[in-house]
Amino acid sequence: MDLPLSFVIAEGNDRIHNPVDSRKLADLGEALRLTPGSRLLDLASGSGEMLCTWARDFGLRGTGVDISTAFTASAKARAAELGVADRCEFVHGDAAGYVASEPVDIAACIGATWIGGGTAGTVALLEQSLRPGGLMLIGECYWRQDPPDEATVKGCYIESRASLFSLAGLIDHFDELGYDVVEMVLADPDSWDRYAAPHWLNIRTWLDEHPGHELADEMRHKLQVDRVNHVRYQRDYLGWGIFALMKR
Ligand code: SAH
């Protein structure tokens, strides 16, 4: 049970595995008025940047669960580097169906709503770990602009146009699920670049260091296709945001 090596090659150096950059993540933490000692559960926590920096900056404590051994190891190293290892636990495992043993103040899933079978399922999953009155954080994509054709949909790695809402549609969807959206930060084309573009250098460097590797052809192909899809489609059409929700 682990993430395929191709992801680790492309994203292994990332601190944040989503198109919101470190400034936006810090802005969100501030906007949420987090209080020291609050407990955060982060499902699909990646390399743990949200929990680690919020532990350092706002005194949070918590647990991250992720299926990647490489990212979980990075998260532990980052917690040690920031001096918050005593307050941040990172567990390697499948977050699908994961429920905290004690209700938490903040329950998050940032950029992995497939673990609950979609947005609604992930809200339902996180709800099982959240104390009454707690804060839920969901990182999710939406159409920033209506995709004009099927090539755009596929270039954004989205199954079909109907798989995503518009931004207003996504907010309505949370509303229909019984949640008020109380804060959000959104990616923009520049922060998308901060996520996507470093992967090109990561892959290129890996290719130079691993000539003849069995994944070399696949990675060269990925470098070319991902780059085209990013500049042609994703950075303009694929919206992405972290939404803070409170149950009504
Ligand atoms: N929340 C992090 C990571 C987002 S990328 C961040 O914003 O930086 C998506 C993450 O989901 C990856 O770290 C991947 O390893 C993880 N993942 C995918 N399927 C998973 C599963 N079933 N259980 C736990 N983690 C999963």
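Before reading on, note that the structure itself is shown above.
Summarised in this report is the structure supplied together with it. (Residues numbered from 1 in each chain as written. Predicted model: local features only at pLDDT ≥ 70, side-chain atom pairs only at ≥ 80, totals over all residues. Heavy atoms only, no water.)

1. What about the environment of S22?
Tracing the sequence through the fold places S22 in helix α2 (residues 22-31). Each C-alpha atom of the pair S22 and R131 lies 28 Å from the other, and the pair is 109 residues apart in sequence. (Helix = DSSP H or I, 4+ residues; strand = E, 2+ residues; numbered from the N terminus.)

2. Regarding the site of the ligand
In the region of the ligand, 19 residues are neighbours, and N18, A44, D66, D94 and A95 sit closest. Between a nitrogen atom of the ligand and a main-chain N or O atom of A44, the distance comes to 2.7 Å. When isolated, the ligand has an accessible area of 580 Å², and the protein chains bury 89% of it. Here the residues of the shell around the ligand sort into 10 nonpolar, 7 polar and 2 charged. (Near = heavy atom within 4 Å. Polar contact = N/O pair within 3.5 Å; in protein donor to acceptor, adjacent residues only side chain to side chain. Areas by Shrake-Rupley, 256 points an atom, 1.4 Å probe, with all protein chains shown as cover. Nonpolar A, V, L, I, M, F, W, Y, C, P; charged D, E, K, R; others polar.)

3. Some details on the state of the cysteines
Taken as a whole, this structure holds 0 disulfides when the rule is applied. Between C52, a free cysteine, and C88, which holds the nearest cysteine sulfur, the sulfur-to-sulfur gap is 4.9 Å. (Disulfide = S-S within 2.5 Å.)

4. Quick look at the pairing of strand β2 (residues 61-66)
Walk down a regular strand and you will see the side chains alternate between the two sheet faces. Summarising burial for β2: 5 of the 6 residues are buried, a large majority. By the bridge criterion, 5 bridges tie strand β1 (residues 39-43) to β2 in an arrangement that is parallel. When the bridges of β2 are listed, L40 appears paired with G62. Handedness of the crossover is the feature at issue here: the chain leaves β1, passes through helix α3 (residues 49-58), returns alongside β2, and the resulting connection is right-handed. Relative to strand β3 (residues 88-92), β2 runs parallel, the two sharing 5 bridges. Bridge assignment links V65 to a residue of β3, and that residue is V91. Each parallel crossover has a hand, and for β2 linked through helix α4 (residues 69-81) to β3 it is right-handed. (Buried < 20%, exposed > 50% of the residue type's maximum accessible area, 1.4 Å probe, protein only. Pairing = 2+ DSSP bridges. Right-handed = clockwise from strand over helix to strand, strands pointing away.)

5. Brief notes about unusual backbone geometry
Phi is positive for A44, close to 65°, though the residue is something other than glycine. Structurally, the position occupied by A44 is in the loop between β1 and α3. On the basis of relative accessible area, A44 is assigned to the buried category, the value being 18%.

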